[in-house]
Structure formats: C-alpha cells, structure tokens
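Survey of secondary and tertiary structure
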Amino acid sequence: MSFAPSHFAAVLLFATFTSVVFGITQRATPRAMVRYGLYCWSLFVAVTIGASWLMFLVRR
Amino acid sequence: MADSDLAGGKRAAFSFALVAGWLIPGAGHLLTRHWVRALLLFLSITTMFWLGIAMQGKLYQPNTDDPLGMLGFLGDLGTGVFYFVGNVLGLGRAAVQVATADYGTKFVVVAGLLNFISAVDAHNLRIGRKAA
C-alpha cells in the first residue's frame, strides 16, 4: 500500500478533508456549513500558493 | 440547557456520544441522528488517516522523552480505533525515506485532531449546546 501524491495534490487533499470537518463542526445550518467549508478550502489553497510564490521569490 | 437537566442516566448517554465519536469518526453524529454529517465526517477523517498511512506516515508511540513525540501521540490517539488497528497491524513504523512520508505523518495527526473536534461537536449536539 503506497501513495505518493505531488506536493500540490497533497495540499488539495488536506484542504478538502479539513474544510469538510471545519464546515460541519463550526456552523449550525447546512447552507452556512457549505459556505464556511468553501471559505476554509479557498483560504488553505490560496495561502499555500501565496506562500509558495513568496518562498520562490525569496530564493531568487 | 441547565446542568440539572443532565442528571442521572442521560449524563451517561451524553458522554457516550463523545466516546463513540472519538472511537469511530462520525459515530457521535450518528447517535444524534445527523446521518449526512456522520457520513461526511467518517469519510473525511477515515480517508485522511488511511491516506496518511499509505503515504508511509508515522504512527507515534507513547513516550516520555520527546515533547513533540508526546504531542504527536496525543494527536494520533484522536483517530480512536484506527490508531489501535494501525498499531496491531504494525503500520506507520517504517523509516521515513520519501518526502511525502512527512506529509503522511501530518495527515494522520490532523485526522486525529479533527476527530477530537468532531466528537466534541457531537457531544454539543447531544446536550443541546449547539443547534441541530
């Protein structure tokens, strides 16, 4: 049993599973859960991409 | 809900939602009859744990010499039954040889922490602290 995703795929998986749990546990209504889950997912991915570009620019 | 409403046998039932939610991801929500939430939590936490193992992530063992190892163990313990199954099967003990193994270790720890949150949420639903 072996699984070796790319770094970005790992980020997407992490963001997805974590956002689902955050959405369900941190909000009370289904609509608010979906909205908050999407918000968390977007932040996870956006911050990761932003930090990646920052590290790339710092390294140059 | 007042504490007086939680007396007697009900108190045990409420704690059972917390313990069940910890042992099996989503089981606490199943007890509160939130089927879809239970299924989504089970799928998310279970998949995250087993993907972490498949990525050759580490399962922390009880220890007293490494503070980070102790915290990792507490996080892993949050996955409930899966942690014990993983230990019985001898999973998560291989030497880390690939970069994704470090991600796998984090996947397992975070799956446990998310399950703690999920179990507490089920408890809050059960006692009425959170609106259903």
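Within each chain, residue numbers correspond to sequence positions counted from 1 in written order. Here the convention is simple: chains get letters from A, ligands get numbers from 1, in the order in which they are written. Totals for whole chains, interfaces and linings use every residue, but because this is a predicted model, local features are given only for residues with pLDDT of at least 70 and side-chain atom pairs only at 80 or more, for both listing and counting. Side-chain figures throughout are based on the complete set of non-hydrogen atoms in the structure, without hydrogens or water.

1. Re the nonpolar core
This is how the line gets drawn: Note on terminology: a nonpolar core comprises buried Ala, Val, Leu, Ile, Met, Phe, Trp, Tyr and Cys residues joined through side-chain atoms within 4.5 Å. Relative accessible area decides the class of each residue, using a 1.4 Å probe on protein chains only: under 20% of the type maximum gives buried, over 50% gives exposed, and in between gives partly exposed. Numbering goes from the N terminus for both helices and strands, where a helix is a DSSP run of H or I of at least four residues and a strand is a run of E of at least two. Contacts between residues were defined by any pair of non-hydrogen atoms, one from each residue, lying within 4.5 Å.
Judged by nonpolar contacts, the single largest core of 22 residues is most densely connected at Met48(B), Phe49(B), Leu59(B) and Leu114(B). Looking at this core, the elements with two or more residues in it are helix 1 (7–26) of chain A together with helix 3 (35–54), helix 5 (81–88) and helix 6 (99–127) of chain B. Residues in contact with Leu114(B), not counting those within four places in the same chain, are Phe17(A), Thr18(A), Val21(A), Phe22(A), Ile45(B) and Met48(B).

2. Some remarks on unusual backbone geometry
Residue and element names in this part refer to chain B. A positive phi angle, close to 65°, is found at Arg 33, a residue other than glycine. By relative accessible area, Arg 33 is classed as exposed at 63%. Of note in the backbone geometry, Gln 56 takes a positive phi value of approximately 65° without being a glycine. Turning to its location among the elements, Gln 56 is positioned in the loop between helix 3 and helix 4 (67–77).

3. Quick look at the confidence of the model for chain B
Residues and elements named next belong to chain B. Put simply, the test is: pLDDT is a residue-level measure of predictor confidence that goes from 0 to 100.
Per-residue confidence for chain B averages 88 on the pLDDT scale, and 89% of its residues sit at or above 70. Across residues 1–5 the pLDDT falls below 50, and counting only partners more than four positions away or on other chains, this stretch makes 4 contacts in the model. Reported confidence for the predicted complex is 0.91 by ipTM and 0.89 by pTM.

4. Things to note about the pattern of salt bridges
All names here are of chain B. Which entries qualify depends on this criterion: Salt bridge criterion: a side-chain nitrogen from Lys or Arg within 4 Å of a carboxyl oxygen from Asp or Glu.
For the structure on display, the rule yields 2 salt bridges over all chains. Put simply, Lys 130 and Asp 121 hold a salt bridge, and the shortest N to O gap is 2.8 Å. Like Lys 130, the residue Asp 121 is buried in the burial classification.

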